[in-house]
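# Per-entry structural report
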Amino acid sequence: MSQQPAIQVLRPTFEQHHDGFGIQFSRPRISWRFSCTDEDVHDWEQCAYDIEIRNTDSNIIQCVHIESQDSVLVPWPEGCASLKSRDRRQVRVRCYGTSTVGSHTVDIAITEWSEWSYVEAALLDKRDWQAKLITPANKISLNDDGSARPLCFRKCFKLPDGEKIARARLYITGHGVYQAYINGEGVGDQCMAPGWQSYDKRQHYQVFDVASALEASEENVIGVEVGPGWYASALSWAQRRFTYGDELGTLAQLEVTSQDGTKTTICSDNTWKSFTSAITSSEIYAGEVFDQNIGRDLNGWNTFTAFNDHSWSAVKTSPRPTATLISPNSAPVRITQRIMPAKIFKSPSGKTLIDFGQNLVGRLHIRRLRKSTGKVIFRHAEVLEHGELCTRPLRGAKATDTIICNGDVLEDWTPKFTFHGFRYVEVTGWSSTDKIEPLTPRSLFAEVMHSDMQQTGWFSCSNEDVNKLHENARWGMRGNFLSVPTDCPQRDERMGWTGDLNIFTPSANFLYDTAGVVGNWLEDLYADQMDESEFWKKGVVPFVVPNCIRKHEADDPFWNPTPNAVWADVAVMTPCELHQTFGDIEVLKRQYESMKAYLQDGISYGEDGLWDEQQWQFGDWLDPSAPTNDSGRGRTDGTYVADAFLLHVTNLMSFISSTLDRPAESKIYSTTHQKLQKAFAHKYLTAHGLIAPDTPTALSLALHFSLIPTTTQRRHAAARLARHLLLNPYKIPTGFAGTPSLLQALTHTGNIDLAYALLLEKECPSFLYPITMGATTIWERWDSMLPDGSVNPGSMTSFNHYALGSVVAWLYSSVGGISVLEPGWKSFLVRPAVPRHGELNNAEVVFEGRYGRVEVRWMLLDTSVEGKVEKNRRVSSEFADVEVQTFRLVVLVPPNSRAKVVLPDRQKAMYLEEGEEKEEAGVWVGSGRHVFDCLLAKGGRPPRPMLPPWGEDPY
Ligand code: BGC
């Protein structure tokens, strides 16, 4: 068989796991991507593959040949033994496929082998756990403010004499967040482990390879430091502590195999000891206090030599955790970047301030500090107001780290169990005039912390402000994907608000590989949705997941899960988005009962089958015209918004059921959808195409979710939408719910230029206004900072919320022009919406899909197709008397996938067409690089604002 070296099979991956080490699967599905190194090779399609699985212990290799075109999530080969707990295998793949080279069809040829990947099973059976969760024998110590004092746990042990270590694994978790040490060395590079989950139902543990830290034949020490983390810190605006329990602890199992096969297992049990840490307090919102005096006493606590633990206390074992222990797919939280201070300066009142030049999420890293006595205090905030640190938007979050100094040199210090959302830091007790160790820009830096997902999306275009908008959304995503997808990272919330993620998922899925983090979060959603209580009905989707704001008592200041659209619709919309992006049907299977329960019990229905109007809704949250402290009272009635989403998710359910091969259920949902369409039309729609809430959000949702039955009505609705935007020229008129649909609705109703006019507007409220104000992340409100530089007086004002970054999905799908057709990007659409008035001259998107790298670049050229400068009139009779320009499109399609390309001169206003009319003349292309040109008429008249005869008000 001939070779096809131009097609490379990239290293296989397993399930949606971030690296294959410590997976909770016995027969992990395998995927591989491709790349192609030869521009002449096209249309490569896989027809078969070989998988080799090597047992590195026995050196037995199994090779399996499978006739299949699948390369995403293929089953663990039949005939290959399932992985048992701790089993490790190497896996590699090569593929057979056909292609065309130049103009020749190449018969089946074989690729090189991919590189080997490792896969290792975690502890797959509950009975593998011999360790017990330990907590102090006496009640944990509390600080004056009621917070739990962080703890250290420690155990000395000796490994067998005379034998080298062949393998060592630490399986570990905590009640609280923990950092483990072996012989003084920090284990792994994760932060805030085990992350945040619905700990009462699903608890994550981590797996570390610790062989290199252990000493054979010697005394060793394992130490685990535990802070309250999400388990026990004050959470939510009501700052409730001990949401999951009041005993901080750890569950640790260290398994060591010597080269002669001897196994030693060190388990957390009642032979360990504990002591309060030199971190005297640490909470998520409050920040951390570190006492150097205690640090001196505890020096070397996690090493064997020179440390005496006689004064340490006993521990007791606990029957918890009762939750299922899981080694998650999701990427762990890590430090992914360092940022040096942009400047250190004095505020008008004389405070020392550091500006990092970027609003980020993470922590400070102090390189070196030496101060004889007193405290050094770091307060964090996102913005300045009147030149001073502005902490009001943080509400109850103190976001303050403190070092109590004792004259010793402190090197490479960071707070351990907290994080802050900040661009600015105010420093007290340390300044540039200090004699011993003055504060300089080299004394410290910021560490950027988030779930370390793989970046998959890149966007750029000829407008730098738009590029900045994209970059700000990416920063917003980084900061708000910290173990769970959150609303914001700075104030007394930082919770998994369901609506925010629902709105942002399509954008998130372009930017980063969210399959692990969001897939895992959805499992928590289902688990918490199934909670039962006297206060709410099972099946209702909580507002936040993990649900840390549920009521425990009737007079708690917390929120019961209450039916609420858009937020709760995440239960259907987000799994569907994940399935489309990552091609993993398991997410639909896993979440199906959650979706059904939501539609059955999580909605308060009115008599007509739409939402009960008595039910309060967040609606089009943060519509710019909503009152500052009443963000749900925008111009579009909340029930209307809820109904539009209900129709959409009911339709999705019909699609999902049929995807899952449940035709009867699919039928029921499609019948319900038809009934709802009628009820919706009856309630809201005029025969002409006007809609009862006559607002841009109402019209955009109706067009985008296909809620308007006839072409004529849709034309009128589209015209009405355009009219709104021309009457209040180009200002954003939508909140969380309407924004993702607004530009889509314009683009697909033939108002591309208007969509660009909105994109490029700079006056408030607009996408680019924050950029004119120096924003480096996406703000919660369109005007979190007012034009005069003051901070919005609203009690809810964050400078880092991803929800309004939902425009990113439009940048990729309409400006760049790529969107998924078959799940996993097996096939995709290339259909850039090109502006005609020079708004942009080019755009470029790159997306790492499940088959490989998708690239699309387009540019408008003043040259003709042949390359002659023809600045120009006349090219064909079609363009007689119009100025034309050449549109050039370069598309890279990854091997084993296809794309449908629709050039701008063939595009239709899709939302306006019906049936066959909707079909656009596109070209299907296989893998490889493709170049297309077409001529486009320049311009016509750009959209003109509808102003009164006197123009702008002169006064
Ligand atoms: C959060 C939001 C959330 C909203 C709903 C806010 O406090 O920050 O983003 O969706 O509450 O009420």
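Because the structure is predicted, anything quoted here is derived from the model rather than measured.

## Focus on the overall build of the protein
For the protein, the count of helices and strands is 15 helices and 47 strands. The C-alpha radius of gyration computed for the protein amounts to 29 Å, which stays within 12% of the reference 30 Å derived for 955 residues, consistent with globular compactness. Reported as C-alpha extents along the three principal axes, the dimensions of the protein are approximately 95 × 80 × 60 Å. Taking all 955 residues of the protein together, 61% fall into the buried category.

## Let's talk about the site of the ligand
Taken together, Asp487, Arg491, Glu493, Trp497, Asp500, Trp567, Phe618, Trp621, Phe736, Glu780, Met796 and His801 make up the full set of residues adjacent to the ligand. A distance of 2.9 Å separates an oxygen atom of the ligand from a polar atom in the side chain of His801. In the complex, 96% of the free accessible area of the ligand, which totals 310 Å², lies under the protein chains. Class assignment of the residues belonging to the shell around the ligand gives a composition of 6 nonpolar, 1 polar and 5 charged.

## Considerations on the pattern of salt bridges
In the structure shown here, the tally under the stated rule is 67 salt bridges. One salt bridge connects Glu471 with Arg474, and the closest N-O pair in it is separated by 3.0 Å. Remark: Arg474 and Glu471 occur in helix H3 (residues 464-480); sequence separation between them is 3 residues, near one turn of the helix. Residue Glu471 is classed as partly exposed on the basis of its relative accessible area, which comes to 27%. By relative accessible area, which is 12% here, Arg474 ends up buried. The closest approach of N and O atoms between Arg635 and Asp623, which form a salt bridge, is 3.0 Å.

## Overview of the state of the cysteines
By definition, a disulfide is the covalent link that joins the sulfur atoms of two cysteine residues. For the coordinates displayed, the defined rule picks out 0 disulfides. Cys47 forms no disulfide, and the closest cysteine sulfur to it belongs to Cys95, at a distance of 9.3 Å. You can see Cys80 has no disulfide; the closest cysteine sulfur is in Cys63, sitting 8.9 Å from it. Given the relative accessible area of 4%, Cys80 is considered buried.

## Here we look at empty space enclosed by the protein
Inspection of every chain in the model, using the stated rule, returns 3 cavities of 30 Å³ or more. Looking at the largest cavity, its volume works out to about 80 Å³. Lining the largest cavity we find Leu469, Ser766, Phe767, Pro770, Ile778, Trp779, Arg781, Trp782, Leu804 and Val807. For the lining of the largest cavity, the residue count by class is 8 nonpolar, 1 polar and 1 charged. By volume, the second largest cavity amounts to about 50 Å³. What lines the second largest cavity is simply Arg33, Thr456, Asn509, Tyr512, Asp513, Thr581, Phe582, Phe847, Glu848, Gly849 and Arg850. For the lining of the second largest cavity, the secondary structure elements donating two or more residues are helix H6 (570-582) and strand S42 (842-848). Taken together, the residues that form the lining of the second largest cavity break down as 3 nonpolar, 4 polar and 4 charged.

## Notes on the packing of aromatic side chains
The tally for this structure, following the rule as stated, stands at 45 aromatic pairs. Centroid distance Trp129 to Tyr205: 5.0 Å. Interplanar angle 85°. Geometry classified as edge-to-face. Of this pair, Trp129 sits in the loop between strand S11 (117-121) and strand S12 (133-136) while Tyr205 sits in the loop between strand S17 (202-204) and strand S18 (206-209), placing them 76 residues apart in sequence. Each member of the pair Trp129 and Tyr205 is classed as buried. Between Tyr181 and Trp301, the aromatic rings sit 5.6 Å apart at their centres with planes inclined by 80°, giving edge-to-face as the arrangement. One end of the pair, Tyr181, is in strand S15 (residues 177-182); the other, Trp301, is in the loop between helix H2 (292-297) and strand S25 (313-318), and 120 residues separate them in sequence. Here the basic side chain of Lys343 rests over the ring of Phe345, its NZ or CZ set 4.6 Å away from the ring centre. The side chain of Arg898 reaches across the aromatic face of Trp924, ending 4.1 Å from its centre.

## Some details on the domain arrangement of the protein
By domain assignment, the protein separates into domain 1 (2-121), domain 2 (129-326), domain 3 (333-445), domain 4 (618-643 + 660-759) and domain 5 (824-937). Placing a centre on the C-alpha atoms of domain 1 and another on those of domain 5 gives a separation of 33 Å. Residue-level contacts link 17 residues of domain 1 with 14 residues of domain 5. Of the charged contacts, one joins Arg929 and Glu39 as a salt bridge, the two residues approaching to 3.0 Å between their closest N and O atoms. Summed over the shared surface of domain 1 and domain 5, the number is 12 residue pairs in polar contact (both at pLDDT 80 or more). Residue contributions to the side of domain 1 that touches domain 5 peak at 6 residues, all from strand S7 (residues 41-55). Within the side of domain 1 that touches domain 5, the residues separate by chemical class into 7 nonpolar, 6 polar and 4 charged.

## A short note on helix H12 (residues 739-747)
Within H12, 8 of the 9 residues are buried, which leaves it mostly tucked inside the rest of the structure. Within the sequence span of H12, burial applies to Thr739, Ser741, Leu742, Leu743, Gln744, Ala745, Leu746 and Thr747. Close packing links the buried residues of H12 with helix H10 (696-704), helix H11 (711-727), helix H13 (752-760) and helix H15 (807-816).

## Details of unusual backbone geometry
Following Val545, the chain continues into Pro546 via a peptide bond in cis, with omega recorded as -5°. You can see Pro546 is positioned in the loop between helix H5 (515-529) and H6. Along the chain, Cys764 connects to Pro765 via a cis peptide bond; the corresponding omega equals -5°. Inspection of the secondary structure assignment puts Pro765 in the loop between H13 and helix H14 (769-772). Positive phi is not limited to glycine here, since Ser236 has a value of about 70°. If you trace the backbone, Ser236 turns up in the loop between helix H1 (229-232) and strand S20 (249-258). Here Val566, not a glycine, exhibits a phi torsion of approximately 65°, which is positive. Note that Val566 resides in the loop between H5 and H6.

Calculation notes
- Residues numbered from 1 in each chain as written.
- Predicted model: local features only at pLDDT ≥ 70, side-chain atom pairs only at ≥ 80, totals over all residues.
- Heavy atoms only, no water.
- Helix = DSSP H or I, 4+ residues; strand = E, 2+ residues; numbered from the N terminus.
- Rg over C-alpha atoms; globule rule 2.2 N^0.38 Å.
- Buried < 20%, exposed > 50% of the residue type's maximum accessible area, 1.4 Å probe, protein only.
- Near = heavy atom within 4 Å.
- Polar contact = N/O pair within 3.5 Å; in protein donor to acceptor, adjacent residues only side chain to side chain.
- Areas by Shrake-Rupley, 256 points an atom, 1.4 Å probe, with all protein chains shown as cover.
- Nonpolar A, V, L, I, M, F, W, Y, C, P; charged D, E, K, R; others polar.
- Salt bridge = Lys/Arg side-chain N within 4 Å of Asp/Glu carboxyl O.
- Disulfide = S-S within 2.5 Å.
- 1 Å grid on protein atoms, 1.4 Å probe; cavity = no way out; pocket = protein on both sides within 12 Å on 5 of 7 lines; lining within 4 Å.
- Points joined across faces, edges and corners; volume = space filled by probe spheres on them.
- Phe/Tyr/Trp six-rings, centres within 6.5 Å; stacked < 30°, edge-to-face > 60°.
- Lys NZ or Arg CZ within 6 Å of the ring centre and 35° of its normal.
- Domains from an automatic or database assignment.
- Contact = heavy atoms within 4.5 Å.

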